[in-house]
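Chain residues, written in single-letter form:
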Amino acid sequence: MKKVSNVFWISVAIVLAVCIYGVIAPENFELSTDNIQAFLTSTFGWYYLILVTIVVTFCIFLIFSPVGIIKLGKPSEEPEFSRISWFAMLFSAGMGIGLVFWGAAEPLSHFMTPPLAESGTNAAHKEAMRYTFFHWGIHAWAIYALVALALAYFNFRKGEPALISATLKPVLGNKAMEGTLGTIIDVLAVVATVVGVATTLGFGATQINGGLSYLFGIPSNFTVQFIIVAVVTILFTISASTGLGKGIKILSNINMLLAVILLVLMFIIGPTILILNMFTDSIGGYIQNIVHMSFRIAPLNEDDRTWINSWTVFYWAWWISWAPFVGIFIARVSRGRTIREFVIGVLLLPTLVCFIWFTVFGTTGIEVQKAVSHDISQLATEEVLFAIFNELSWSTILAIVALALVSVFFITSADSATFVLGMQSTYGSLNPLTAVKLTWGFTQSVVALVLIYSGGLQALQNALIIAAFPFSFIIILMMISLYRSLVKDKKELGLYHKPKPRKKVGNP
């Protein structure tokens, strides 16, 4: 029987309390979150950079380790989904709306306000692409890969429930994880998931509003965004009731199709040769500078440090806050794959697609900026992409496809999140109750609206960084726990790169 756990009631109570606070005192709510966010980024920016770099190193270690041949499940099990559907689902859950929201806006922002180079120069163009790759590349997906791998390993191989707390038993013990401490950890994961997803839904609502404003002149305000969230909530609750193999799978495949169509159109319409050249050059710049970017905190330059806090630290917090949601979802659809296949698939393939996406949209956006007299980067973030479309051929077609893509991404992300939240609040059930999923669907939509109402984009970013901080410590424990368990499996299975020499018996 799929019982509702205490995690559900405690998490709902916390989330609703925050929502009430945001509605009753929106200005005070924004001020409070802004102060907490400023404290965390100024005090613990170094911590985020080091932690995420360690996670990347650990994932790369697993790829080359002998434990890579271990299956996430029984030795005879085959993957539940094809590689294409698997990739589509993990990609849609992992990035989704963010790709469309930031696809042109982030490179353009870095071009006009670069971290080191002079604004608007060729050096700024290269730097813009390099740092965009950095923010959306291996570091982001390594966080997802670690959390997802730990969950899949302990769930499918060790028979533990699909809960964050269950992955920590080798470190904190069975008794603690099945008691109050385990409940606290799972509540933290649920709250981080709600805030992370709600933030992304907020981005999606504002961008859909921006697209409707561009296409039909509809005003861009909270009322319109409220209607958008309400309509999408109805749509994804319908999808959520159909189950994993139907609604989410079908929507994810539609996502990939729309994304490919938009990408190809932009590639053809945009500066094609320059895009190809920038892609090649930016990969080289990314690999050459990845170590420096990973640890760059600018301790002696306040302006540079502000830039790092606003972008790099914000992104690391974003990926961490999304990690329980994306991790549980990716784990759920990855049964039967080996650790090596899993890590390579989650770490490298989405990273490559992100690089292609940002090169196409970023390079086109920067070239459009060079050709116009006004500063597009000063527009609201959700309007930047449509302002760039306005300067290109087939602008209406591009806007319609982009709007459709954001809408489907919106539904898919919310649908996936309701499934994951349902799992976390029903003792790790792989098929949570529909009523629980619908409750979480409604709740995360309310949180998104409260965040938009109380402070817009800045409130969304503040909430992300605050929610990510406590969960970052859980990620550290998950890494230690997974390593300990894999070392034990390695010894039991005799997995070594080279056979261990046998002891000689008797005289030589």
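Residues numbered from 1 in each chain as written. Predicted model: local features only at pLDDT ≥ 70, side-chain atom pairs only at ≥ 80, totals over all residues. Heavy atoms only, no water.

## Re the overall build of the protein chain
Phase 1: Helix and strand content of the protein chain: 19 helices and zero strands.
Phase 2: In terms of principal-axis extent, the alpha carbons of the protein chain reach across some 85 × 55 × 45 Å.
Phase 3: For the protein chain, buried positions account for 60% of its 508 residues.
Phase 4: Total accessible area computed for the protein chain in this model is approximately 20100 Å², and 65% of it derives from carbon and sulfur atoms.
Phase 5: Side-chain charges in the protein chain split into 30 positive and 25 negative, and the spacing between the mean points of these groups amounts to 22 Å. (Helix = DSSP H or I, 4+ residues; strand = E, 2+ residues; numbered from the N terminus. Buried < 20%, exposed > 50% of the residue type's maximum accessible area, 1.4 Å probe, protein only. Areas by Shrake-Rupley, 256 points an atom, 1.4 Å probe, with all protein chains shown as cover. Lys, Arg positive; Asp, Glu negative; His and termini not counted. Charge placed at Lys NZ, Arg CZ, Asp CG, Glu CD.)

## Quick look at the pattern of salt bridges
Phase 1: With the rule as written, the count across this model stands at 11 salt bridges.
Phase 2: With a shortest N-O distance of 3.0 Å, Arg83 and Glu341 are connected by a salt bridge. Residue Arg83 is located in helix 3 (residues 83–94), and its partner Glu341 is located in helix 15 (residues 339–347); the two are separated by 258 residues in the primary sequence.
Phase 3: Through salt bridges with shared partners, a single ionic network connects Arg83, Arg337 and Glu341. (Salt bridge = Lys/Arg side-chain N within 4 Å of Asp/Glu carboxyl O.)

## Details of the environment of Met112
Phase 1: Of note, Met112 is situated in helix 5 (residues 105–112).
Phase 2: Along the primary structure Met112 and Ala128 are separated by 16 residues, whereas in three dimensions their C-alpha atoms are 8.8 Å apart.
Phase 3: Excluding residues that lie within four positions of it along the chain, Met112 makes contacts with Ser119, Gln369, Asp375 and Ser377. (Contact = heavy atoms within 4.5 Å.)

## Here we look at the nonpolar core
Phase 1: Judged by nonpolar contacts, the single largest core of 177 residues is most densely connected at Trp102, Ile164 and Phe389.
Phase 2: It is helix 19 (residues 434–493) that provides the largest number of residues to this core, a total of 21 residues.
Phase 3: Ignoring any residue separated from it by four or fewer positions in sequence, one finds Phe389 in contact with Tyr214, Leu262, Met266, Ser395, Leu398, Ala399 and Ala402. (Core = buried A, V, L, I, M, F, W, Y, C linked by side-chain atoms within 4.5 Å.)

## Regarding the environment of Gly179
Phase 1: Along the chain, Gly179 falls in the loop between helix 9 (174–177) and helix 10 (180–216).
Phase 2: Placed 131 residues apart in sequence, Gly179 and Tyr48 show a C-alpha to C-alpha distance of 29 Å.

## Section: the packing of helix 15 against helix 16 (residues 349–371)
Phase 1: It is the contact of helix 15 with helix 16, at a shortest axis distance of 3 Å, that shows an interaxial angle of 10 degrees. If you check the angle between helix 15 and helix 16, you find them roughly parallel. Residue-level contacts link Ile344, Gly345, Val346 and Leu347 of helix 15 to Leu349, Pro350 and Thr351 of helix 16.
Phase 2: Broken down by class, the residue content of the contact of helix 15 with helix 16 amounts to five nonpolar, two polar and no charged. (Axes fitted to C-alpha atoms, helices over the stretch in contact; angles between N-to-C directions. Parallel < 35°, antiparallel > 145°, perpendicular 65-115°, else oblique. Nonpolar A, V, L, I, M, F, W, Y, C, P; charged D, E, K, R; others polar.)

## Re the side chain of Asn309
Phase 1: Mapping Asn309 onto the fold places it in helix 14 (residues 302–332).
Phase 2: Once you skip the residues sitting within four places of it in the chain, Asn309 turns out to touch Thr41, Ser42 and Phe314.

## Concerning the side chain of Thr359
Phase 1: With respect to the helices and strands, the residue Thr359 is situated in helix 16.
Phase 2: Thr359 sits in the buried class, given a relative accessible area of 1%.
Phase 3: Engagement of the side chain of Thr359 in a polar contact is seen with the backbone oxygen of Phe355, the distance being 2.6 Å. (Polar contact = N/O pair within 3.5 Å; in protein donor to acceptor, adjacent residues only side chain to side chain.)

## Overview of the packing of helix 10 against helix 18 (residues 395–424)
Phase 1: Packing of helix 10 against helix 18 brings their axes to within 10 Å, and their N-to-C directions diverge by 165 degrees. Judged by the angle between their axes, helix 10 and helix 18 are roughly antiparallel. Judged by the sense of rotation from one axis to the other, the crossing of helix 10 with helix 18 is left-handed.
Phase 2: In terms of residue class, the contact of helix 10 with helix 18 is built from 18 nonpolar, nine polar and one charged. (Left-handed = near helix turned anticlockwise from the far one by under 90°.)

## Let's talk about the confidence of the model for the protein chain
Phase 1: On average, residues of the protein chain carry a pLDDT of 84, and 92% of them reach 70 or more.
Phase 2: Per-element confidence in the protein chain ranges from a low mean pLDDT of 72 for helix 3 to a high of 96 for helix 13 (residues 272–295). (pLDDT = per-residue confidence, 0-100.)

## Notes on a nonpolar patch on the surface
Phase 1: Nonpolar side chains collect at one region of the surface, where Phe222, Phe226, Ile227, Val231, Ile234, Leu235, Ile238 and Tyr453 lie side by side and expose about 740 Å² of accessible area between them.
Phase 2: Within the element layout of this structure, Phe226 appears in helix 11 (residues 222–240).
Phase 3: Of the residues examined, Phe226 reaches a relative accessible area of 42% and is grouped as partly exposed. (Patch = residues over 30% accessible without salt bridge, like charges linked within 9 Å, V, L, I, M, F, W, Y side chains within 5 Å.)

## Things to note about the packing of aromatic side chains
Phase 1: If you walk through the whole model with that rule in mind, you get 38 aromatic pairs.
Phase 2: Between Phe44 and Phe469, the aromatic rings sit 4.7 Å apart at their centres with planes inclined by 50 degrees, giving tilted as the arrangement. Of this pair, Phe44 sits in helix 2 (residues 26–64) while Phe469 sits in helix 19, and the two are 425 residues apart along the sequence.
Phase 3: An angle of 5 degrees between the planes, with centres 4.1 Å apart, marks the rings of Phe133 and Phe355 as stacked. Note that Phe133 is positioned in helix 6 (residues 122–136) and Phe355 in helix 16, a separation of 222 residues in sequence. As far as the burial class goes, Phe133 and Phe355 line up, both buried.
Phase 4: Its end group placed over the ring of Trp86, Arg337 keeps NZ or CZ at 4.3 Å from the ring centre. (Phe/Tyr/Trp six-rings, centres within 6.5 Å; stacked < 30°, edge-to-face > 60°. Lys NZ or Arg CZ within 6 Å of the ring centre and 35° of its normal.)

## Quick notes on the state of the cysteines
Here is the idea: a disulfide is a covalent bond, and it sits between the sulfur atoms of two cysteines.
Phase 1: Counted under the stated rule, the structure contains zero disulfides.
Phase 2: Sulfur of Cys59: no disulfide; nearest cysteine sulfur belongs to Cys354 and is 16 Å away. (Disulfide = S-S within 2.5 Å.)

## Points about unusual backbone geometry
Phase 1: Its identity is not glycine, yet Ala298 carries a phi of approximately 50 degrees, on the positive side.
Phase 2: Structurally, the position occupied by Ala298 is in the loop between helix 13 and helix 14.
Phase 3: For Trp394, which is not glycine, the phi torsion reads 55 degrees and is therefore positive.
Phase 4: Position of Trp394 among the secondary structure elements: in the loop between helix 17 (381–389) and helix 18.

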